[in-house]
Amino acid sequence: MSKVVRVAVTGAAGQVSYSMLARLASGEVFGPNTHVILQLLEIPRSVNPKAMDALEGVAMELEDCAFPTLKEIKVTDDPLQAFDGANWVLLVGAAPRGPGMERKDLLTKNGQIFVGQGKALAARAASDVRILIVGNPCNTNCLVAYHNGKDIPAERWTAMTRLDHNRAVSALAVKSGVTNDAVTCMTIWGNHSNTQYPDFTNAKINGKPATEVITDRKWLETSFVPQCQERGKAIINKRGLSSAFSAGNGALDHVKSLLKPTPANDWVSMATVSKGEYGVPKGLVFGYPCKTDGAGNYSIVEGLQLDAFGKTKWDLTLKELLEEQDAVKELLPS
Ligand code: NAI
């Protein structure tokens, strides 16, 4: 095993990371011939006395798996150490919404975390680093981190809309009575929030436009779209906890997609730093349809058309992201 990859994960004692770390270490993502070094970050004992203990317990479990592909585990509360030489970085840790906290407070509280992490990444990550932001509000956390870590090129920063993508694929598959692999060309436009637009108009089922297979337009507009937008809340209502293994799975699918070229007849959803595609203001982190080259790079699928319904939804999610950007403007260096 000559290849070694350093993978930094923040919020590493949390429930999303717990469902993801063994899979990252096992060879499933980076292959059987690559050694993985996990660099795991949690918050200091002075802030939460339990987090580092919990992380040490997770590290012990990882050791006890004896994965042939796992070379080393580092646990730390220092972002500079966690990101040192990292080739892949999954920023999962974020501040949760506290009681009575307004949306703007949540944005700025998280923004402050991502200012520091953006700077630490620019200072320490490997020159080929790829960064995925999972911690919410993930688009705007990514915006803040990127703007504060600009030594790292814009195309290395992405935020996660893959869980939403997978939810949308599954919902269309269930409705049309096909298996998940029959649904292609799904796009989650915009924000990972309940304004996202899961675009059924450009999706395909068995290679045919989804709207020709599911002809019940009312269901698509009034059931499918809100179901995708509100799926996170529906899971919290049932489970009493937010999505965990499906979120971890989405993050791993995102990384795997960057490591494997997208099939010619498909694309995946990722939120990326806009270069102005589809008229989105440059620098905003917006969910797009993307194709990957298998070497860690993506390109945005251009030229898709939206109908009047889709355009209305698209405008709403863009508006929300512009409002979020405005809420964190003090954290964005000019
Ligand atoms: P959790 O509360 O179980 O774990 C979060 C962990 O992050 C905690 O252990 C906490 O100590 C740690 N943390 C907080 N601030 C940190 C910092 N500055 N540095 C390092 N670690 C820090 O939460 P869970 O369920 O694991 O979710 C993690 C995040 O992922 C949340 O923000 C959640 O909203 C988000 N999420 C995003 C999804 C997406 O589709 N983009 C889907 C599901 C979850």
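Residues numbered from 1 in each chain as written. Predicted model: local features only at pLDDT ≥ 70, side-chain atom pairs only at ≥ 80, totals over all residues. Heavy atoms only, no water.

A. Fine view of the packing of helix H5 (residues 103–124) against helix H12 (residues 308–327). In contact at an axis separation of 9 Å, H5 and H12 are set at 65° when each is read in the N-to-C sense. As for the relative orientation of H5 and H12, their crossing is right-handed in sense. Residues Arg103, Lys104, Leu107 and Thr108 of H5 form the contact with H12, whose own contacting residues are Glu320, Glu324 and Ala327. The class makeup of the residues in the contact of H5 with H12 is 2 nonpolar, 1 polar and 4 charged. (Axes fitted to C-alpha atoms, helices over the stretch in contact; angles between N-to-C directions. Helix = DSSP H or I, 4+ residues; strand = E, 2+ residues; numbered from the N terminus. Left-handed = near helix turned anticlockwise from the far one by under 90°. Contact = heavy atoms within 4.5 Å. Nonpolar A, V, L, I, M, F, W, Y, C, P; charged D, E, K, R; others polar.)

B. Structural detail: the site of the ligand. As a matter of local geometry, the ligand sits amid 23 residues, with Gln15, Val16, Glu42, Asn136 and His192 nearest to it. With respect to the ligand, the backbone of Val16 contributes an N or O atom lying 2.9 Å from an oxygen atom. Relative to its free-state accessible area of 850 Å², the ligand is covered by the protein chains to the extent of 80%. Of all the secondary structure elements, the ones that give two or more residues to the shell around the ligand are helix H1 (15–18) and H5. Both domains that furnish three or more residues to the shell around the ligand are identified here as domain 1 (3–159) and domain 2 (162–325). (Near = heavy atom within 4 Å. Polar contact = N/O pair within 3.5 Å; in protein donor to acceptor, adjacent residues only side chain to side chain. Areas by Shrake-Rupley, 256 points an atom, 1.4 Å probe, with all protein chains shown as cover. Domains from an automatic or database assignment.)

C. Main features of the state of the cysteines. For the structure shown, the criterion picks out 0 disulfides. Note on Cys138: no disulfide assigned, nearest cysteine sulfur contributed by Cys142 at a separation of 8.0 Å. The buried category is assigned to Cys138, whose relative accessible area is 1%. Cysteine Cys290 is unpaired, with the sulfur of Cys142 as its nearest cysteine sulfur at 12 Å. (Disulfide = S-S within 2.5 Å. Buried < 20%, exposed > 50% of the residue type's maximum accessible area, 1.4 Å probe, protein only.)

D. Highlighting the sheet that holds strand S10 (residues 204–205). The sheet built from 3 strands is open, its strands ordered S7-S10-S11 with antiparallel pairing. Each edge of the open sheet carries a strand with a single partner, namely strand S7 (183–184) and strand S11 (208–209). Sheet topology note: the S7/S10 ladder contains 2 bridges and is antiparallel. Among the inter-strand pairings, Thr184 is bridged to a residue of S10, identified as Lys204. (Pairing = 2+ DSSP bridges.)

E. Main features of the UniProt feature "binding site: NAD(+)" (unreviewed entry) in the protein. Listed under "binding site: NAD(+)" (unreviewed entry) in the UniProt record, and renumbered for this structure, are Gly11, Ala12, Ala13, Gly14, Gln15, Val16, Ser17, Asn110, Gln117, Val134, Gly135 and Asn136. Here Gln117 lies in helix H5. Classification of Gln117 as buried rests on a relative accessible area of 8%. Among residues more than four places away in sequence, those in contact with Gln117 are Thr10, Leu41, Phe83 and Leu91. Residue position: Asn136 is located in the loop between strand S5 (130–133) and helix H6 (138–148). (UniProt positions renumbered as here; feature names shortened; annotations may be inferred.)

F. Geometry of the packing of aromatic side chains. Within this structure, the stated rule accounts for 13 aromatic pairs. Consider the rings of Phe200 and Phe224, whose centres lie 6.2 Å apart with planes at 85°: the pair is edge-to-face. One end of the pair, Phe200, is in the loop between strand S9 (197–198) and S10; the other, Phe224, is in helix H9 (residues 217–229), and 24 residues separate them in sequence. Of the two residues, Phe200 and Phe224, both sit in the buried class. Here the aromatic rings of Phe286 and Trp314 are separated by 5.1 Å at their centres, their planes lie at 55°, and the arrangement is tilted. With Phe286 in strand S13 (residues 285–292) and Trp314 in helix H12, this pair connects stretches of sequence that are 28 residues apart. Both residues of the pair, Phe286 and Trp314, belong to the buried class. (Phe/Tyr/Trp six-rings, centres within 6.5 Å; stacked < 30°, edge-to-face > 60°.)

G. Inspection of helix H11 (residues 245–259) at higher detail. When the terminal C-alpha atoms of H11 are compared, their 21 Å separation across 15 residues agrees well with the 21 Å that a helix rising 1.5 Å per residue should span. Those residues of H11 lying buried are Ala247, Gly248, Gly250, Ala251, Leu252, Asp253, His254, Val255, Ser257 and Leu258. (Expected span 1.5 Å × (residues − 1).)

H. Seen up close, the packing of helix H7 (residues 162–176) against H9. Axis separation between H7 and H9 bottoms out at 10 Å; the angle between their running directions is 140°. Here H7 lies oblique to H9, going by the angle between them. In this structure, the crossing between H7 and H9 has a hand that is right-handed. Residues Ala168, Ala171, Leu172 and Lys175 of H7 lie in contact with H9, whose contacting residues are Trp219, Leu220, Phe224, Gln227 and Cys228. Grouping the amino acids of the contact of H7 with H9 by side-chain chemistry returns 7 nonpolar, 1 polar and 1 charged. (Parallel < 35°, antiparallel > 145°, perpendicular 65-115°, else oblique.)

I. Main features of the pairing of S5. Going residue by residue along S5, you find Arg130 and Leu132 tucked away on one face and Ile131 and Ile133 tucked away on the opposite face as well. Sheet analysis places strand S4 (residues 88–91) next to S5, joined by 4 bridges and oriented parallel. Bridge assignment links Trp88 to a residue of S5, and that residue is Arg130. For the crossover that starts at S4, traverses H5 and ends in the parallel S5, the hand is right-handed. Across 3 bridges, S5 lies against strand S6 (residues 157–159) in parallel orientation. The partner of Leu132 across the bridge, within S6, is Thr158. Tracing the backbone out of S5, into H6 and back to the parallel element S6 gives a crossover that is right-handed. (Right-handed = clockwise from strand over helix to strand, strands pointing away.)

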